[in-house]
Amino acid sequence: MKRHDHTATIIDNKLYILGGSGYNGDHEFFYLDVSKKFNTKNLLWKDLSYNNIVPSHYGATSVVGGVNNNTLFLYGVYNSAMALVYTFDPKYNKWDNPQIIGDNTIRKQFLTGVIANNGKMYLFGKTLPNGLVFNDYSIDMDMLILDTINLNWEKGSLFNAPTGRGDYGATLLPNQIILYIGRFDIEGESAFRRIYLYDTIHNSWSKKLTSGDIVPSNRDFFSVVLGLDGNSVIMFGGRGKTNLPKTDALYVLNTINFNWYIPKVTGDIPRSRFWHKANVMDNYMLISFGCCYNRQDESDILLLDISDNKEFKWVTEN
(Lines give C-alpha, C1' and ligand atoms only; values in the text may rest on other atoms or scores of the structure.)
Protein backbone atom coordinates (compact mmCIF):
# COMPACT_ATOMS: atom_id res chain seq x y z
CA MET A 1 0.00 0.00 0.00
CA LYS A 2 3.03 2.25 -0.30
CA ARG A 3 2.20 5.41 -2.29
CA HIS A 4 2.79 9.08 -2.89
CA ASP A 5 1.16 11.79 -4.99
CA HIS A 6 -2.21 10.42 -3.92
CA THR A 7 -5.28 12.36 -2.80
CA ALA A 8 -6.51 12.23 0.78
CA THR A 9 -10.01 13.46 1.58
CA ILE A 10 -11.99 13.29 4.82
CA ILE A 11 -15.77 12.89 4.42
CA ASP A 12 -18.09 11.85 7.25
CA ASN A 13 -15.16 10.79 9.44
CA LYS A 14 -13.61 8.59 6.77
CA LEU A 15 -10.21 9.27 5.23
CA TYR A 16 -10.40 8.34 1.53
CA ILE A 17 -7.13 7.60 -0.27
CA LEU A 18 -7.02 7.50 -4.07
CA GLY A 19 -4.30 6.98 -6.68
CA GLY A 20 -0.64 7.76 -6.36
CA SER A 21 2.08 5.12 -5.98
CA GLY A 22 4.59 6.88 -8.21
CA TYR A 23 4.71 8.00 -11.80
CA ASN A 24 2.55 5.20 -13.17
CA GLY A 25 -0.18 5.83 -10.64
CA ASP A 26 -2.57 3.09 -9.63
CA HIS A 27 -6.24 2.22 -9.42
CA GLU A 28 -6.52 1.62 -5.68
CA PHE A 29 -9.20 3.39 -3.65
CA PHE A 30 -9.66 2.75 0.06
CA TYR A 31 -10.55 4.46 3.32
CA LEU A 32 -9.79 4.53 7.03
CA ASP A 33 -12.62 5.05 9.51
CA VAL A 34 -11.36 7.86 11.78
CA SER A 35 -14.60 8.19 13.75
CA LYS A 36 -13.32 5.48 16.10
CA LYS A 37 -10.19 5.25 18.16
CA PHE A 38 -7.30 3.83 16.15
CA ASN A 39 -3.61 3.16 16.51
CA THR A 40 -1.33 4.15 13.65
CA LYS A 41 0.59 0.90 14.13
CA ASN A 42 -2.53 -1.17 13.42
CA LEU A 43 -4.57 0.48 10.66
CA LEU A 44 -7.75 -1.15 9.34
CA TRP A 45 -8.22 -0.04 5.74
CA LYS A 46 -11.41 -0.74 3.78
CA ASP A 47 -10.85 -1.40 0.07
CA LEU A 48 -13.25 0.21 -2.42
CA SER A 49 -11.21 -0.37 -5.57
CA TYR A 50 -13.80 -2.77 -6.98
CA ASN A 51 -16.10 0.08 -8.08
CA ASN A 52 -13.51 2.74 -8.86
CA ILE A 53 -14.02 4.14 -12.39
CA VAL A 54 -11.09 6.56 -12.20
CA PRO A 55 -8.12 5.36 -14.29
CA SER A 56 -4.69 4.91 -12.74
CA HIS A 57 -3.16 8.32 -12.11
CA TYR A 58 -1.08 10.55 -9.86
CA GLY A 59 -0.75 14.27 -9.18
CA ALA A 60 -4.47 15.03 -8.85
CA THR A 61 -6.20 17.15 -6.21
CA SER A 62 -9.45 16.70 -4.32
CA VAL A 63 -11.89 18.60 -2.11
CA VAL A 64 -15.23 18.01 -0.38
CA GLY A 65 -18.09 19.98 -1.97
CA GLY A 66 -21.45 19.68 -3.66
CA VAL A 67 -24.99 20.68 -2.69
CA ASN A 68 -24.81 18.91 0.67
CA ASN A 69 -21.07 19.37 1.15
CA ASN A 70 -20.49 15.60 1.23
CA THR A 71 -19.21 14.81 -2.27
CA LEU A 72 -15.59 14.16 -3.21
CA PHE A 73 -14.49 16.21 -6.25
CA LEU A 74 -11.33 15.06 -8.06
CA TYR A 75 -9.58 17.26 -10.61
CA GLY A 76 -6.53 17.18 -12.85
CA VAL A 77 -4.06 14.41 -13.49
CA TYR A 78 -1.31 13.40 -15.88
CA ASN A 79 -3.51 11.04 -17.86
CA SER A 80 -5.14 12.42 -21.00
CA ALA A 81 -7.53 9.46 -21.05
CA MET A 82 -9.19 10.76 -17.91
CA ALA A 83 -12.00 13.23 -17.60
CA LEU A 84 -11.11 16.55 -15.99
CA VAL A 85 -13.44 16.01 -13.05
CA TYR A 86 -14.81 12.99 -11.21
CA THR A 87 -17.12 12.87 -8.21
CA PHE A 88 -17.61 10.26 -5.52
CA ASP A 89 -20.77 9.90 -3.40
CA PRO A 90 -19.79 8.17 -0.14
CA LYS A 91 -23.40 7.42 0.77
CA TYR A 92 -23.82 5.10 -2.20
CA ASN A 93 -20.11 4.36 -2.83
CA LYS A 94 -20.61 5.60 -6.37
CA TRP A 95 -18.27 7.39 -8.80
CA ASP A 96 -19.51 9.69 -11.56
CA ASN A 97 -18.15 11.89 -14.35
CA PRO A 98 -20.40 14.98 -14.02
CA GLN A 99 -21.29 17.26 -16.91
CA ILE A 100 -19.98 20.72 -16.09
CA ILE A 101 -21.16 23.89 -17.84
CA GLY A 102 -18.57 26.15 -19.43
CA ASP A 103 -15.73 25.83 -21.87
CA ASN A 104 -12.72 24.39 -20.10
CA THR A 105 -10.17 21.90 -21.36
CA ILE A 106 -7.34 23.05 -19.11
CA ARG A 107 -5.50 20.22 -17.41
CA LYS A 108 -3.28 20.99 -14.44
CA GLN A 109 -1.18 18.89 -12.12
CA PHE A 110 0.67 19.16 -8.80
CA LEU A 111 -1.59 21.90 -7.48
CA THR A 112 -3.66 22.19 -4.32
CA GLY A 113 -7.39 22.55 -4.74
CA VAL A 114 -9.07 24.66 -2.06
CA ILE A 115 -12.81 24.71 -1.34
CA ALA A 116 -14.33 27.90 0.09
CA ASN A 117 -17.58 28.30 2.02
CA ASN A 118 -19.31 29.30 -1.23
CA GLY A 119 -18.89 25.75 -2.51
CA LYS A 120 -16.34 26.76 -5.14
CA MET A 121 -13.11 24.85 -5.73
CA TYR A 122 -10.15 27.12 -6.49
CA LEU A 123 -7.44 25.69 -8.75
CA PHE A 124 -4.43 27.95 -9.13
CA GLY A 125 -1.38 26.72 -10.98
CA LYS A 126 0.43 26.09 -14.20
CA THR A 127 -1.28 24.68 -17.26
CA LEU A 128 0.07 21.49 -18.75
CA PRO A 129 0.58 22.02 -22.50
CA ASN A 130 0.58 19.23 -25.04
CA GLY A 131 4.28 18.75 -24.41
CA LEU A 132 3.72 18.33 -20.66
CA VAL A 133 6.77 20.35 -19.62
CA PHE A 134 6.51 19.87 -15.88
CA ASN A 135 9.20 22.27 -14.69
CA ASP A 136 8.54 25.16 -17.07
CA TYR A 137 7.24 27.82 -14.70
CA SER A 138 6.88 30.36 -17.50
CA ILE A 139 3.77 28.49 -18.64
CA ASP A 140 0.60 30.55 -18.55
CA MET A 141 -1.17 30.52 -15.20
CA ASP A 142 -4.88 30.39 -14.50
CA MET A 143 -7.13 30.62 -11.50
CA LEU A 144 -9.73 28.07 -12.46
CA ILE A 145 -12.85 27.98 -10.32
CA LEU A 146 -15.19 25.00 -10.23
CA ASP A 147 -18.59 25.70 -8.71
CA THR A 148 -19.30 22.33 -7.09
CA ILE A 149 -22.91 23.25 -6.36
CA ASN A 150 -24.03 24.56 -9.76
CA LEU A 151 -21.43 22.55 -11.71
CA ASN A 152 -20.00 25.33 -13.86
CA TRP A 153 -16.53 26.68 -14.63
CA GLU A 154 -15.37 30.21 -13.85
CA LYS A 155 -12.04 32.04 -13.93
CA GLY A 156 -10.61 34.26 -11.24
CA SER A 157 -8.48 37.38 -11.52
CA LEU A 158 -4.76 37.17 -12.20
CA PHE A 159 -4.07 40.83 -11.41
CA ASN A 160 -1.23 40.88 -8.86
CA ALA A 161 -1.16 37.08 -8.87
CA PRO A 162 2.17 35.36 -8.15
CA THR A 163 4.47 34.03 -10.83
CA GLY A 164 4.11 30.56 -12.28
CA ARG A 165 4.37 27.76 -9.76
CA GLY A 166 3.36 24.27 -8.77
CA ASP A 167 4.05 21.92 -5.86
CA TYR A 168 3.12 24.70 -3.43
CA GLY A 169 1.05 24.73 -0.22
CA ALA A 170 -2.35 26.36 0.18
CA THR A 171 -5.06 26.62 2.81
CA LEU A 172 -8.25 28.59 3.41
CA LEU A 173 -8.29 31.12 6.25
CA PRO A 174 -11.49 31.84 8.25
CA ASN A 175 -11.97 35.15 6.36
CA GLN A 176 -12.30 33.16 3.12
CA ILE A 177 -8.86 34.18 1.87
CA ILE A 178 -6.67 31.45 0.41
CA LEU A 179 -3.05 31.57 1.54
CA TYR A 180 -0.46 30.32 -0.98
CA ILE A 181 3.04 29.36 0.14
CA GLY A 182 6.18 28.45 -1.75
CA ARG A 183 7.56 27.13 -5.05
CA PHE A 184 8.80 29.53 -6.48
CA ASP A 185 9.10 33.30 -6.58
CA ILE A 186 12.41 35.17 -6.80
CA GLU A 187 15.60 33.31 -7.61
CA GLY A 188 18.04 33.31 -4.70
CA GLU A 189 15.39 34.27 -2.15
CA SER A 190 13.56 31.94 0.18
CA ALA A 191 10.21 30.99 -1.32
CA PHE A 192 8.75 31.39 2.17
CA ARG A 193 9.61 35.07 2.54
CA ARG A 194 6.59 36.03 0.39
CA ILE A 195 3.06 34.81 1.01
CA TYR A 196 0.30 35.35 -1.54
CA LEU A 197 -3.33 35.82 -0.60
CA TYR A 198 -6.35 35.33 -2.84
CA ASP A 199 -9.61 36.85 -1.59
CA THR A 200 -12.42 34.55 -2.73
CA ILE A 201 -15.07 37.14 -1.88
CA HIS A 202 -13.58 40.08 -3.77
CA ASN A 203 -11.66 38.09 -6.43
CA SER A 204 -8.41 39.92 -5.70
CA TRP A 205 -4.75 39.14 -4.93
CA SER A 206 -2.36 40.63 -2.40
CA LYS A 207 0.94 39.60 -0.84
CA LYS A 208 2.68 39.75 2.52
CA LEU A 209 6.35 39.62 3.46
CA THR A 210 7.05 37.21 6.29
CA SER A 211 9.44 37.62 9.18
CA GLY A 212 11.11 35.36 11.70
CA ASP A 213 14.60 34.46 12.83
CA ILE A 214 14.15 31.02 11.28
CA VAL A 215 12.42 30.71 7.91
CA PRO A 216 11.84 27.34 6.21
CA SER A 217 14.51 26.32 3.74
CA ASN A 218 13.41 26.07 0.10
CA ARG A 219 11.45 22.91 -0.66
CA ASP A 220 8.55 21.52 -2.64
CA PHE A 221 5.95 18.77 -2.13
CA PHE A 222 5.29 19.83 1.48
CA SER A 223 1.91 20.10 3.21
CA VAL A 224 0.12 22.88 5.08
CA VAL A 225 -3.03 22.92 7.22
CA LEU A 226 -4.81 25.61 9.20
CA GLY A 227 -4.33 25.25 12.95
CA LEU A 228 -7.24 24.94 15.35
CA ASP A 229 -6.95 28.59 16.42
CA GLY A 230 -7.69 29.79 12.87
CA ASN A 231 -4.51 31.89 12.84
CA SER A 232 -1.67 29.37 12.63
CA VAL A 233 -0.65 27.67 9.40
CA ILE A 234 1.28 24.48 10.10
CA MET A 235 3.75 23.20 7.50
CA PHE A 236 5.30 19.74 7.47
CA GLY A 237 7.94 18.07 5.34
CA GLY A 238 8.89 18.70 1.75
CA ARG A 239 11.68 17.86 -0.66
CA GLY A 240 14.82 19.96 -0.44
CA LYS A 241 18.13 19.65 -2.25
CA THR A 242 18.94 16.96 0.30
CA ASN A 243 16.79 14.97 2.69
CA LEU A 244 15.39 17.34 5.29
CA PRO A 245 16.44 16.61 8.87
CA LYS A 246 13.77 16.26 11.53
CA THR A 247 14.71 19.70 12.86
CA ASP A 248 13.83 21.32 9.51
CA ALA A 249 10.52 19.54 8.91
CA LEU A 250 7.93 21.35 11.04
CA TYR A 251 7.15 25.10 11.00
CA VAL A 252 4.29 27.41 11.94
CA LEU A 253 3.31 30.69 10.27
CA ASN A 254 1.38 33.12 12.46
CA THR A 255 -1.04 34.83 10.06
CA ILE A 256 -1.63 37.76 12.42
CA ASN A 257 1.93 39.06 12.14
CA PHE A 258 3.18 36.69 9.39
CA ASN A 259 6.03 35.47 11.55
CA TRP A 260 7.59 32.03 11.07
CA TYR A 261 8.71 29.93 14.02
CA ILE A 262 9.56 26.34 14.91
CA PRO A 263 7.03 25.00 17.42
CA LYS A 264 7.92 23.11 20.55
CA VAL A 265 7.18 19.45 19.89
CA THR A 266 7.32 16.27 21.95
CA GLY A 267 6.76 12.60 21.27
CA ASP A 268 8.55 10.27 18.89
CA ILE A 269 9.48 12.71 16.12
CA PRO A 270 9.22 11.04 12.67
CA ARG A 271 11.41 11.49 9.64
CA SER A 272 10.45 14.24 7.26
CA ARG A 273 8.34 13.22 4.24
CA PHE A 274 7.40 14.64 0.88
CA TRP A 275 4.67 13.79 -1.67
CA HIS A 276 2.46 13.12 1.34
CA LYS A 277 -0.92 14.68 2.17
CA ALA A 278 -2.19 16.32 5.35
CA ASN A 279 -5.67 16.86 6.78
CA VAL A 280 -7.05 18.16 10.06
CA MET A 281 -9.04 15.59 12.03
CA ASP A 282 -10.42 16.72 15.40
CA ASN A 283 -7.35 17.86 17.38
CA TYR A 284 -4.83 16.32 15.00
CA MET A 285 -2.87 17.01 11.87
CA LEU A 286 -3.18 13.68 10.05
CA ILE A 287 -0.36 12.98 7.57
CA SER A 288 -0.80 10.16 5.06
CA PHE A 289 1.80 8.16 3.13
CA GLY A 290 4.48 9.99 1.10
CA CYS A 291 8.16 9.45 0.47
CA CYS A 292 10.66 8.48 1.79
CA TYR A 293 10.30 6.67 5.10
CA ASN A 294 10.97 3.14 6.30
CA ARG A 295 7.61 1.41 6.68
CA GLN A 296 9.16 -1.05 9.13
CA ASP A 297 9.92 1.84 11.48
CA GLU A 298 7.09 4.29 10.78
CA SER A 299 3.41 4.02 9.98
CA ASP A 300 1.79 5.16 6.74
CA ILE A 301 -0.24 7.52 8.94
CA LEU A 302 1.29 10.10 11.29
CA LEU A 303 -0.68 11.96 13.97
CA LEU A 304 0.39 15.32 15.36
CA ASP A 305 -1.67 16.59 18.29
CA ILE A 306 -2.06 20.34 17.60
CA SER A 307 -4.59 21.09 20.35
CA ASP A 308 -2.04 23.10 22.36
CA ASN A 309 -0.26 25.82 20.38
CA LYS A 310 2.44 25.99 23.03
CA GLU A 311 3.43 22.38 22.49
CA PHE A 312 2.57 19.96 19.68
CA LYS A 313 2.93 16.24 20.28
CA TRP A 314 3.49 13.29 17.93
CA VAL A 315 1.22 10.43 19.00
CA THR A 316 0.20 7.00 17.73
CA GLU A 317 -3.39 6.99 19.02
CA ASN A 318 -6.19 9.52 18.58
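Per-chain numbering applies: the sequence of each chain, read as written, is numbered from 1 onward. Whole-chain, interface and lining totals are the exception, using all residues; otherwise, since this is a predicted model, local features are given only for residues with pLDDT of at least 70 and side-chain atom pairs are given and counted only at 80 or more. As a convention, hydrogens and water are excluded, and side-chain values are obtained from all of the structure's heavy atoms.

1. What to know about the side chain of Asn152
Then, in step 1: In this structure, Asn152 sits in strand β12 (residues 152-155).
Then, in step 2: Buried means the residue's accessible area, taken with a 1.4 Å probe over protein chains only, is under 20% of the maximum for its type, while exposed means over 50%, and partly exposed covers the values in between. Classification of Asn152 by relative accessible area gives buried; the value is 18%.
Then, in step 3: Setting aside residues no more than four positions away along its own chain, Asn152 makes contact with Ile100, Ile101, Ile145, Leu146 and Asp147. Starting at the N terminus, helices and strands are each numbered in turn, a helix being any DSSP run of H or I of at least four residues and a strand any DSSP run of E of at least two. Residue contacts follow a heavy-atom distance rule, with two residues in contact if any of their heavy atoms lie within 4.5 Å.

2. Describing the pairing of strand β11 (residues 141-147)
Along any regular strand, the residues point their side chains to alternate faces of the sheet.
Then, in step 1: Across the seven residues of β11, seven count as buried, placing the element largely inside the fold.
Then, in step 2: Note on pairing: two strands pair once DSSP finds at least 2 bridges between them. Bridge count for β11 against β12 is four bridges, and the pairing is antiparallel. From the neighbouring strand, Leu144 faces β12, where its bridge partner is Lys155.
Then, in step 3: A loop of four residues connects β11 with β12, the two strands running antiparallel in sequence, and Leu151 in this loop sits at a positive phi of about 55 degrees.

3. Some details on the packing of aromatic side chains
Then, in step 1: Whether two aromatic rings pair depends on their centres lying within 6.5 Å, for rings of Phe, Tyr and Trp, where Trp uses its six-membered ring; planes under 30 degrees apart make the pair stacked, over 60 edge-to-face, and the rest tilted. This structure, assessed with the given rule, holds 23 aromatic pairs.
Then, in step 2: Arranged with centres 5.4 Å apart and planes meeting at 50 degrees, the rings of Tyr16 and Tyr31 form a pair that is tilted. Of this pair, Tyr16 sits in strand β2 (residues 14-18) while Tyr31 sits in strand β3 (residues 29-33), and the two are 15 residues apart along the sequence.
Then, in step 3: Relative accessible area serves as the criterion here: at 1%, Tyr16 is assigned to the buried category.
Then, in step 4: A cation over an aromatic ring shows up here: Arg273 above the ring of Tyr293, its NZ or CZ 3.6 Å from the ring centre. A positively charged side chain is recorded as over a ring if its NZ (Lys) or CZ (Arg) lies within 6 Å of the ring centre. The angle to the ring normal must also be within 35 degrees.

4. Notes on the environment of Cys291
Then, in step 1: The topology assignment puts Cys291 in the loop between β23 (284-288) and β24 (301-305).
Then, in step 2: Take Cys291: its relative accessible area is 11%, and that puts it in the buried class.
Then, in step 3: Cys291 has contacts with His4, Arg273, Phe274 and Trp275, leaving out every residue within four places of it along the chain.

5. Quick notes on the pattern of salt bridges
Then, in step 1: A pairing counts as a salt bridge when a side-chain nitrogen of Lys or Arg comes within 4 Å of a carboxyl oxygen of Asp or Glu. Considering all chains together, one arrives at eight salt bridges under this definition.
Then, in step 2: For Lys264, the salt bridge is made with Glu311, and the minimal N-O distance between the two is 3.3 Å. Placement of Lys264 in the loop between β20 (259-261) and β21 (265-267) and of Glu311 in the loop between β24 and β25 (312-315) is noted, with a sequence separation of 47 residues between them.
Then, in step 3: Residue classification places Glu311 among the partly exposed positions, given a relative accessible area of 30%.

6. Points about the nonpolar core
Then, in step 1: Put simply, a nonpolar core is a bunch of buried Ala, Val, Leu, Ile, Met, Phe, Trp, Tyr and Cys residues held in one set by side-chain atoms that sit within 4.5 Å of each other. Tyr75 and Tyr180 are the most contacted members of the largest nonpolar core, which totals 28 residues.
Then, in step 2: Mapped by element, the contributors of at least two residues to this core are β6 (71-75), β10 (120-126), β11, β13 (169-172), β14 (177-181) and β15 (194-199).
Then, in step 3: Setting aside residues up to four positions removed in sequence, Tyr180 forms contacts with Tyr122, Phe124, Met143, Tyr168, Gly169, Ala170, Ile195, Tyr196, Tyr198 and Trp205.
Then, in step 4: Listed in part, the 18 residues of the second largest apolar core include Ile181, Ala191, Leu197 and Val233.

7. Here's the deal with the sheet that holds β20
Then, in step 1: The strand order across the open sheet formed by four strands is β17-β18-β19-β20, and the pairing between neighbours is antiparallel. The two strands at the open ends of the sheet, each matched to only one other strand, are β17 (223-226) and β20. Geometrically, the sheet is characterised by an average inter-axis angle of 25 degrees between neighbouring strands, direction not taken into account. For helices, the fitted axis covers only the stretch in contact; all axes are lines through C-alpha atoms, and the angles between them, taken along N-to-C directions, range from 0 to 180 degrees.

8. What to know about the state of the cysteines
Covalent bonding between the sulfur atoms of two cysteines defines a disulfide.
Then, in step 1: Criterion for a disulfide: a pair of cysteine sulfur atoms at a distance within 2.5 Å. Applying the stated criterion across every chain yields a total of one disulfide.
Then, in step 2: Bridging Cys291 to Cys292, the disulfide has an S-S length of 1.7 Å.

Nothing here speaks to function; it is geometry throughout.
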